[in-house]
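These are the residues of each chain, in order.
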Amino acid sequence: MNRWLRCLVSHRCPRCRTGAVFASLVRMHRECPDCALPFEREPGYFLGAMYFSYALAVAAAAPVVLLGIAMDWGIQRTGWTATLCLVPLAPWLFRTSRTLWLHFDQRFDGR
Ligand SMILES: [Zn+2]
């Protein structure tokens with residue numbers, strides 16, 4: 001696994017790649033504990049993370065939806081099953097989408 005991917009999976013700062021982005025399961029540090037990069041640049045900054053969250057959620061739900069189609073569960077049962085499968089993934093989706101957004105933004109608008 002390359003360094004960037006390892007940094008992303010372990011939710012590390014996009015600039016120094018050593019500081020933790022999260023202080024707890026869903027609480028973020030205001031800035032990197034190692035290099036002081038402010039994580040939330042402005043109000044609403046993490047709206048961009050929703051795009052990553054959506055893509056990750058669709059990718060995570062796709063196997064369940066495909067299984068539902070193959071098993072002919074119907075749209076309601078398939079939808080509810082996919083939703084229930086996504087609930088335990090919510091903290092991971094939250095953390096990963098925000099970390100992806102931070103890395104994406106730092107890559108194209110580094111500070
Ligand atoms: Zn840092």
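Residues numbered from 1 in each chain as written. Predicted model: local features only at pLDDT ≥ 70, side-chain atom pairs only at ≥ 80, totals over all residues.

**Student:** Explain helix H4 (residues 90–108) to me, please; I cannot follow it from the model alone.
**Tutor:** One full turn of an α-helix is made of 3.6 residues, so residues set three or four places apart face in the same direction. Across its 19 residues, H4 extends 27 Å between first and last C-alpha, which sits within 8% of the 27 Å expected from 1.5 Å per residue. Where H4 is concerned, the buried positions are Ser 97, Arg 98, Thr 99, Leu 100, Trp 101, Leu 102 and His 103. Looking at the buried residues of H4, the elements they touch are helix H1 (3–9) and helix H2 (49–70). (Helix = DSSP H or I, 4+ residues; strand = E, 2+ residues; numbered from the N terminus. Expected span 1.5 Å × (residues − 1). Buried ≥ 20, exposed ≤ 12 C-beta atoms within 10 Å, placed from the backbone. Contact = placed C-beta atoms within 7 Å.)

**Student:** Honestly, helix H3 (residues 75–86) in this entry has me stumped. Any pointers?
**Tutor:** Here H3 spans 16 Å end to end across 12 residues, near enough to the 16 Å set by a 1.5 Å rise per residue. Of all the 12 residues making up H3, one are buried; the element is thus mostly uncovered.

**Student:** Explain unusual backbone geometry to me, please; I cannot follow it from the model alone.
**Tutor:** Peptide bonds are mostly trans, and most non-glycine residues show a negative phi. One non-glycine residue, Arg 17, lies in positive phi territory at about 65 degrees. By the secondary structure assignment, Arg 17 is in the loop between H1 and H2.

**Student:** I tried to follow the environment of Cys 32 on my own but got confused; where do I start?
**Tutor:** In this fold, Cys 32 is placed in the loop between H1 and H2. Cys 32 sits 11 residues away from Val 21 along the chain, and the two C-alpha atoms are 6.5 Å apart. Those residues in contact with Cys 32 that sit more than four places away from it in its chain are Cys 13, Arg 15, Cys 16, Gly 19, Leu 37 and Phe 39.

**Student:** How do you make sense of the nonpolar core when you look at a structure like this?
**Tutor:** Considering soluble globular proteins, one finds that nonpolar side chains tend to be buried as a cluster. Judged by nonpolar contacts, Cys 13, Val 21, Cys 32, Leu 37, Phe 39, Ala 49, Leu 100, Trp 101 and Leu 102 together constitute the single largest core of nine residues. The element best represented in this core is H4, accounting for three residues. Not counting the four nearest positions on each side in its chain, Ala 49 is found in contact with Ser 97, Arg 98 and Trp 101. (Core = buried A, V, L, I, M, F, W, Y, C linked by C-beta atoms within 7 Å.)

**Student:** It is not clear to me how the environment of Val 64 should be interpreted in this structure. Could you clarify?
**Tutor:** Among the structural elements, Val 64 can be located in helix H2. As for Val 64 and Pro 43, which are separated by 21 residues in sequence, their C-alpha atoms are 35 Å apart. Non-local contacts of Val 64, meaning those with residues more than four positions away in its chain, are made with Thr 81, Ala 82 and Cys 85.

**Student:** Explain the confidence of the model for the protein to me, please; I cannot follow it from the model alone.
**Tutor:** The predicted coordinates of low-pLDDT regions are not to be read in fine detail. When pLDDT is averaged along the protein, the result is 95, and 100% of the positions lie at 70 or above. Looking at the elements of the protein, mean pLDDT is at its lowest for H1, recorded as 91, and at its highest for H2, recorded as 97. (pLDDT = per-residue confidence, 0-100.)

**Student:** Whenever I open this one, the environment of Leu 56 confuses me. Can you help?
**Tutor:** Checked against the element boundaries, Leu 56 lands in helix H2. As a C-alpha pair, Leu 56 and Leu 93 span 37 residues in sequence and 6.8 Å in three-dimensional space. Those residues within four positions of Leu 56 in sequence are excluded, and the remaining contacts are Leu 93, Thr 96 and Ser 97.

**Student:** What is the right way to read the packing of H2 against H4 from this model?
**Tutor:** To characterise two packed helices, one gives the angle between the axes of the helices and the distance between these axes. Two elements in contact, H2 and H4, have axes separated by 8 Å at closest approach and are oriented at 130 degrees. In terms of axis orientation, H2 runs oblique to H4. The hand of the H2/H4 crossing is right-handed. Seen from H2, the contacting residues are Ala 49, Phe 52, Ser 53, Leu 56 and Ala 57; seen from H4, they are Leu 93, Thr 96, Ser 97, Arg 98, Leu 100 and Trp 101. For the contact of H2 with H4, a count of residues per class yields seven nonpolar, three polar and one charged. (Axes fitted to C-alpha atoms, helices over the stretch in contact; angles between N-to-C directions. Parallel < 35°, antiparallel > 145°, perpendicular 65-115°, else oblique. Left-handed = near helix turned anticlockwise from the far one by under 90°. Nonpolar A, V, L, I, M, F, W, Y, C, P; charged D, E, K, R; others polar.)

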